[in-house]
Amino acid sequence: MNNAIRHTWVVSVAMFLSLFVALSLTQVVFTDSLNSDPRNSRQLIADAGAPRGPITVDGTVIAESVPSDTTQYDYQRIYHEPELYSHITGYFSVVTPGPNQSGIEYALNEYLSGQSDAQFFDRISALFTGDTLMGAQVELTLDPELQRLAYDLIPNDERGTIILTDLRTGEIKVMMSKPSYDTNELAVHSTSQFHETLERLEEVEGLHLNYNVATNNPIFPGSVFKLVTGLAMLESGDYEPDTELENPSELELPLTESTLPNFADGGCHQRQEAELNWIFAQSCNTPFAAAAMDLGEDAILEAAEAYGWNEALRIPIYVQPSRFPEVADDAELARSAIGQGSVTATPLQMNMVASAIGNGGTLMQPQMVDTIRGSDLQLLSNPEPQVLNEVMDRSTADALTEMMVATVEEGTGWRADSGRFQVAAKTGTAQRGDGDNTVNSWITGFAPADDPQYAVTVVYEGIEMSRGNELTGSQMLTMLEAVIEE
Amino acid sequence: MAPAQKEAHPRPRRNVELLLLVLALTIGIGAQVLVGLNLEDTIDERYYIEGGAQAALALAFHVVLRLRAKYADPFILPIVVTLNGLGIAMIHRLDFTSQYEGVADRQLLWTGLSMAAAMLLLVLLKDHRKLRQLTYISLAASVVLLFLPIVPGVGQDIQGAQVWISIGGMSFQPGELAKITLAIFFAGFLANNRDLILLAGKRIGPMTFPRLQDLGPLFLAWLIAMGVLIVQNDLGNALMFFGLFVAVIYVATSRISWIMIGGVLVAAGGLLAYQFVWHARNRFDIWLNAFDQEIYEQLYGSHQLVQGLFGLAHGGLTGTGLGSGSPQIVALANSDMIIVAFGEELGFIGLSAMLVLYLILFSRYMRAGLGTRDHFGKLLAVGLAVVLVLQVFVVVGGITRVIPMSGLVSPFLAAGGSALLANWLIVAIVLLISHAARRPIVVGPMLNTTGAGASGTEDPLRGRDTAEQLAVRDENTAEHAAVESPPGGEQR
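Scoring rules and cut-offs
Residues numbered from 1 in each chain as written. Chains lettered and ligands numbered in written order. Predicted model: local features only at pLDDT ≥ 70, side-chain atom pairs only at ≥ 80, totals over all residues. Helix = DSSP H or I, 4+ residues; strand = E, 2+ residues; numbered from the N terminus. Buried ≥ 20, exposed ≤ 12 C-beta atoms within 10 Å, placed from the backbone. Contact = placed C-beta atoms within 7 Å. Pairing = 2+ DSSP bridges. Axes fitted to C-alpha atoms, helices over the stretch in contact; angles between N-to-C directions. Parallel < 35°, antiparallel > 145°, perpendicular 65-115°, else oblique. Left-handed = near helix turned anticlockwise from the far one by under 90°. Core = buried A, V, L, I, M, F, W, Y, C linked by C-beta atoms within 7 Å. Nonpolar A, V, L, I, M, F, W, Y, C, P; charged D, E, K, R; others polar.

Next up on the list: the overall build of chain A. Tallying secondary structure elements over chain A gives 18 helices and 21 strands in all. The buried share among the 486 residues of chain A stands at 50%. Pairs at least 24 apart in sequence give 68% of the contacts found in chain A among residues at least 6 apart.

See the structure below:
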């Protein structure tokens, strides 16, 4: 009997051994494949608590991970001057978990979390030394002082965006939108706090947490779109800046009962016939609508797509395509030619238009990352200025510049006129068609006109018209005078 | 007493137990405090009261052993207290998550009740051989306990298995107690009929096969297991009951043929279950294709198993540390899947250490069976040991995909009063058996034999010469030395 007991014992020990083998397979041998299974949320929690690399502007940290010992997450993401950079960085939440999709946190998540291919050896060495893997450091092209200036310029009760880029390189120096918010409030570790804040912020009108307004909010551009129609006109060869055009105060649209008017309170009614230059400066609608119907849809579409319409970008945050969709008839084409109808543009897209003209027709790829460095400060990525598209030849660009200068010196853009240098700009006021009498107020341009360096776009969405006119031009001037040295 | 004789006497070794018990309490209560510290809880009087309660219970048990079974195995109680304490600590840790609340307090309450019941059993029973009288009552009790959950109005269906009864709002799994009654029945029945089964039989080749009429009990056990499986959808318990019977009948007869017949019956039962019981087939599918997306997503699918594997993998070699993992992701993290929680937070090393504790505990149960002199005691100890080992194997094997997963809970660790009570009662019985095995003289009203003959017709340790048994034999000679001297006498 005792022998049998011993045999039973041996068999049982063998069963235990099989458990040890199975456990070591699960817990030691196959951990990598189990941990990387997309259904495994634990990796997300570990990632959520892992230190991420800092985001800096001009050497100053605006986002960093600090050790946290109050929760199951090892690190807390904190943001400095969050109201200035909320739309740039987005926020990193352990609750969702992961970075929210609006900003650099998401766009460069692989670098910041240390998981990019370039950081492969960092990961290996962290594995062997047992050190915590540190994410890469991302230096942005933004200028903190100008960003602060833009923040101060935009009134808190308006939905405004200011973009300033170096048009020679495509580097983004300012990208500020209001309303803004405190990203720290959403980077909290507490689920309930997170949801409370989220609920509160979602109530704020015009605040978008999931995308950057400057790059992802295509709205009616209004007359600034005449830079596109203007390009199509000049490229056709039928028009020169001094070509005389009819300028009726109303244009009957074919196959409809409606008409397309010039603005009643503008200077357009002074002349029933005028050269393109003057028409452009006064932003008269009817000649552009008529020209668009003459040129046809394809010519306008071609010009728009040369500037970048209908195409997404990554700078590296996602830029939503501005739309110039197929138009149904000439009436819609006429409205689209003056930035209404079915055409939309993001603030960044409009700024790319001004940049291309200022840079002699060469459109540089917008870029907001200066350098990405590993934890040992080794350079991982250093985006070089890149040509996105040759939009037009220099003579066309010069012609457009001439018209934009006229706009500032004797037209609708007079508020942007500087005593120090020549400014080239185009204003726009787009009907929103939602019946509350507010408009999208735009200005986009660059300076100095004889040696273009910086492009600026100021836009207010859903603003009262006269207030919009006042803010856009003068704020563009403020930005340009701040960035262009004496 | 002369020193020489003092050495010859088997020592009670209660002091060793006390020392180990202090260690066990340090581990269990320490784990609980660590949980509190790591999760930023204030260590206030609740911790003191709960720790104090655990310590008081363990020490009370120790004192009962000193008084009533002082030769009982000194390792069993400390190991069980360690496991029970770790279980409470992990349940406490999971109470910090949003899914669970106040389970640790309930578990501590059940621990107190179970230990009190076990102590009571120790005191009242005095000698495990009394249980032999209950052989057939146990059978009746087993059938009642097993099939109570399917009685309409009493039973409850939880998680697809009908193993619960509800009395006055309290849920209880009577099947847990059936482990004990069935072990008593099998041990008693085989101790009674062992000779008959041994003598009769047909020799085929090197093996002796039992007569057909002697197979009756085996078929009965098989039918009970199948009944449990089909009626209650409880694969784990079915496997355990049948495994228990095969192990005990093998030990009773030393014949491999029983195991072969048992194996054939298991295979047949498995095949039948796979064909006709949806629940069983589902478990098989989950086992073989756990990572299949369709099976992962379906109702009663592999989600729990796969998430459990993720948890184990996340723990890795060294674990995340108590309170730092995310064990709450796995469903039933504090009961059926508590092993995963330990694997995640204590790692392979910690979980292996706990498995080693189980292995030692199992070995001590078997040791009690080896040492005791009566057949009934041997078979009962082995039966209860096999119950322990099968529970651990079925649970851990199910979680690690060695075998299909089924709803058994890890002894002493998992939240659940019924299992805790049953396992503590088993501890009391095994302690009594080990006390009988090691005490120097067997003189009692229970046996017709007195004096030297009390050690039974079979000397369990005769003629064993392996290194493992040397120590045992020393004890044995000491035993005989003691037996030769009249109680209280000092001359040799």
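A separate point is the sheet that holds strand E21 (residues 454-464) of chain A. Residues and elements named next belong to chain A. An order of E8-E7-E21-E20-E19 is seen for the five strands of this open sheet, with the pairing classed as antiparallel. In this open sheet, the two strands that pair with only one neighbour each are strand E8 (172-178) and strand E19 (424-431). Taking each pair of neighbouring strands and ignoring which way they run, the sheet shows an average axis angle of 5 degrees. As judged from the nine bridges shared by strand E20 (residues 438-447) and E21, these two strands associate in the antiparallel manner. Within E21, the residue paired with valine 439 across the bridge is isoleucine 463. Of the strands in this sheet, strand E7 (159-166) and E8 touch helix H8 (residues 144-153), which is tilted by about 25 degrees from E8.

Turning our eyes to something else, we now look at the packing of helix H1 (residues 2-29) of chain A against helix H15 (residues 375-399) of chain B. Where H1(A) meets H15(B), the axes come as close as 10 Å, and the angle between the chain directions of the two elements is 10 degrees. The angle between H1(A) and H15(B) places the two elements in the roughly parallel class. Judged by the twist between their axes, the crossing of H1(A) over H15(B) is left-handed. Note on element contacts: H15(B) touches H1(A) through B:Lys378, B:Val382, B:Val386, B:Val389, B:Phe393, B:Val396 and B:Gly397, opposite A:Ile5, A:Thr8, A:Ser12, A:Met15 and A:Leu19.

What follows concerns the sheet that holds strand E1 (residues 55-57) of chain A. Residues and elements named next belong to chain A. One open sheet holds the six strands; their spatial order is E3-E2-E1-E6-E16-E17, and the pairing between them is mixed. At either margin of the open sheet sits one strand with a lone partner, and together these are strand E3 (75-79) and strand E17 (379-381). Direction aside, neighbouring strands of the sheet carry axes that sit 25 degrees apart on average. Judged from the four bridges that link them, strand E6 (residues 137-140) and strand E16 (residues 369-373) form a sheet pairing that is antiparallel. Bridging from a neighbouring strand, glutamate 139 pairs with threonine 371 of E16.

Residues and elements named next belong to chain A. Inspection of the secondary structure puts valine 423 in the loop between helix H17 (394-410) and E19. Along the chain, valine 423 and valine 408 lie 15 residues apart, while their C-alpha atoms are 6.6 Å from each other. Not counting the four nearest positions on each side in its chain, valine 423 is found in contact with Val408, Ala416, Asp417, Ser418, Gly445, Ala447, Ala449, Leu477 and Leu480.

A separate point is the nonpolar core. Core analysis: the largest hydrophobic core is formed by 151 residues, its most contacted members being B:Leu244 and B:Val248. B:Leu244 has contacts with B:Leu182, B:Ala183, B:Phe186, B:Gly383, B:Val386, B:Val387 and B:Leu390, leaving out every residue within four places of it along the chain. If you look at the next biggest cluster of nonpolar residues, it comprises 123 residues, including A:Ala136, A:Tyr307, A:Val343 and A:Met364.

Chain B puts 42 residues into the contact, and the matching count from chain A is 32 residues. With 12 residues, helix H14 (residues 338-371) of chain B is the single largest residue contributor to the side of chain B that touches chain A. Per-class residue counts for the side of chain B that touches chain A are 25 nonpolar, 14 polar and three charged.

Here we come to the environment of A:Asp294. Following the sequence through the fold, A:Asp294 ends up in helix H13 (residues 286-295). Considered as a pair, A:Asp294 and A:Asp330 are 36 residues apart in the sequence and their alpha carbons are 9.5 Å apart.

On to the pairing of E3(A). Residues and elements named next belong to chain A. Across the five residues of E3, four count as buried, placing the element largely inside the fold. Where strand E2 (residues 60-67) meets E3, five bridges bridge the pair, whose relative direction is antiparallel. Bridge assignment links serine 65 to a residue of E3, and that residue is arginine 77.

Here the focus is the environment of A:Thr56. Residue and element names in this part refer to chain A. Within the secondary structure, threonine 56 sits in strand E1. By C-beta crowding, threonine 56 is classed as buried, having 21 other C-beta atoms within 10 Å. For threonine 56 and leucine 142, which are 86 residues apart along the polypeptide, the C-alpha to C-alpha distance reads 9.1 Å. Leave out the neighbours within four places in its chain, and threonine 56 touches Val61, Ile62, Gln137, Glu139 and Leu140.

What follows deals with unusual backbone geometry. Trans is the common state for peptide bonds, and a negative phi is the common state for residues other than glycine. At the junction of A:Lys178 and A:Pro179, the peptide bond is cis and its omega measures out at 0 degrees in the coordinates. Here A:Pro179 shows up in the loop between E8 and helix H9 (191-202). Even without a glycine there, the phi angle at A:Asp58 is positive, about 50 degrees. Among the secondary structure elements, A:Asp58 is positioned in the loop between E1 and E2. Exposure remark for A:Asp58: the 14 C-beta atoms within 10 Å place this residue in the partly exposed category. With phi around 60 degrees, B:Ser254 is a residue other than glycine that occupies positive phi space. Among the secondary structure elements, B:Ser254 is positioned in the loop between helix H9 (235-253) and helix H10 (256-276). Note on B:Ser254: 14 C-beta atoms within 10 Å, which makes it partly exposed.

Geometric descriptors of this kind do not, in isolation, establish any biological role.
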